[in-house]
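# Residue-level structure breakdown
If you want the building blocks of each chain, they are given just below.
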Amino acid sequence: MGDISTFVNIEQQWNGAAQKTIFCGNNCRHTTTTSGITLNGKNQISFGAITIDVGGSTDDIIALTASWYRCLTANVPIPYCTTGFSTYEWDMVFNTAENNIGNADGHSSVLDFLVTGLHEFGHVMGMPDYYSSSCCSTSIMCGRIGAGDISKRTIDSGTRQCVAGLYATASAPAQAPAPPQQWNIGSSSRLFSFLDMI
């Protein structure tokens, strides 16, 4: 689970959907002893327990992504930003303490890592969770996943179209949609996204 080739696959799929290089694959890997959700200038992927307060139990949370956004105009607080936003940092935690996450090929009790990773990186790209039955039948951004589900190991065409539209006019740094106002924290904004188990 979670080997470099899986992450490169995920990054390449999202780069293809955006029609530009957002993630750099093997060219920018580094390791860190820091884990969890921490605003520290590093994008982090961790495996283990979710140790931040999410307002309730973490039993059904398969993974959590926190993204911090900043206004493209320096020193402008999020509520007053009119020039667009960029993702400043993101951190991801795969809740392996409470879930069996791995390769679900032939394993009906395993939550597929590739499907989970694609979904979480979708949040980094600025995509929301979807919960309607029509979207959840095909979209990688469905906010729920079932054990053994390997049907969403590639980004669906609807999500590809949305991402291509988001990044069509964005210049470096890549722009993300505006974060909701309720997550304003000074001049940056943090947004949590959960993937739940069904």
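None of these values were measured; they are calculated from a predicted model.

## Digging into the overall build of the protein
From N to C terminus, the protein includes four helices and nine strands. A total of 198 residues make up the protein; the buried ones form 44% of that total. Considering only residue pairs separated by 6 or more positions, the protein has 69% of its internal contacts joining residues 24 or more positions apart. A total of about 9500 Å² of accessible surface is found on the protein, and carbon and sulfur atoms cover 50% of it.

## Structural notes on the pairing of strand β1 (residues 44-48)
The alternating pattern of β1 places Gln-44, Ser-46 and Gly-48 on a buried face and Ile-45 and Phe-47 on a face that is not buried. Across five bridges, β1 lies against strand β3 (residues 85-95) in parallel orientation. Note that in β3 the partner of Gln-44 across the bridge is Asp-91.

## Here's the deal with the packing of aromatic side chains
The full count for this structure, using the stated rule, is eight aromatic pairs. When the ring of Phe-23 is compared with that of Trp-90, the centres are 6.4 Å apart and the planes differ by 85°; the resulting orientation is edge-to-face. Residue Phe-23 is found in the loop between α1 (4-18) and β1, and its partner Trp-90 is found in strand β3; the two are separated by 67 residues along the sequence. By relative accessible area, Trp-90 is classed as buried at 9%. When the ring of Trp-90 is compared with that of Phe-121, the centres are 5.3 Å apart and the planes differ by 65°; the resulting orientation is edge-to-face.

## Here's the deal with helix α2 (residues 113-124)
In this model α2 runs 16 Å from its N-terminal to its C-terminal C-alpha over 12 residues, within 8% of the 16 Å that 1.5 Å per residue would give. Most of α2 sits out of view: 12 of its 12 residues are buried. Trailing α2 by a residue or two, Gly-126 shows a phi angle of about 105°, which is positive.

## Considering the side chain of Lys-152
Its location among the elements puts Lys-152 in the loop between β6 (144-145) and α4 (157-167). Buried within the structure, Lys-152 lacks any salt-bridge partner; Asp-149 is the closest side chain of opposite charge, at an N-O distance of 4.4 Å. Reaching out from Lys-152, the side chain makes a polar contact with the backbone oxygen of Cys-136 at a distance of 2.7 Å. Every residue in contact with Lys-152, bar those within four places of it in the chain, is listed here: Val-115, Leu-118, Cys-136, Ser-137, Thr-138, Ser-139, Ile-140 and Cys-142.

Here is what the cut-offs are and how they apply
Residues numbered from 1 in each chain as written. Predicted model: local features only at pLDDT ≥ 70, side-chain atom pairs only at ≥ 80, totals over all residues. Heavy atoms only, no water. Helix = DSSP H or I, 4+ residues; strand = E, 2+ residues; numbered from the N terminus. Buried < 20%, exposed > 50% of the residue type's maximum accessible area, 1.4 Å probe, protein only. Contact = heavy atoms within 4.5 Å. Areas by Shrake-Rupley, 256 points an atom, 1.4 Å probe, with all protein chains shown as cover. Pairing = 2+ DSSP bridges. Phe/Tyr/Trp six-rings, centres within 6.5 Å; stacked < 30°, edge-to-face > 60°. Expected span 1.5 Å × (residues − 1). Lys, Arg positive; Asp, Glu negative; His and termini not counted. Salt bridge = Lys/Arg side-chain N within 4 Å of Asp/Glu carboxyl O. Polar contact = N/O pair within 3.5 Å; in protein donor to acceptor, adjacent residues only side chain to side chain.

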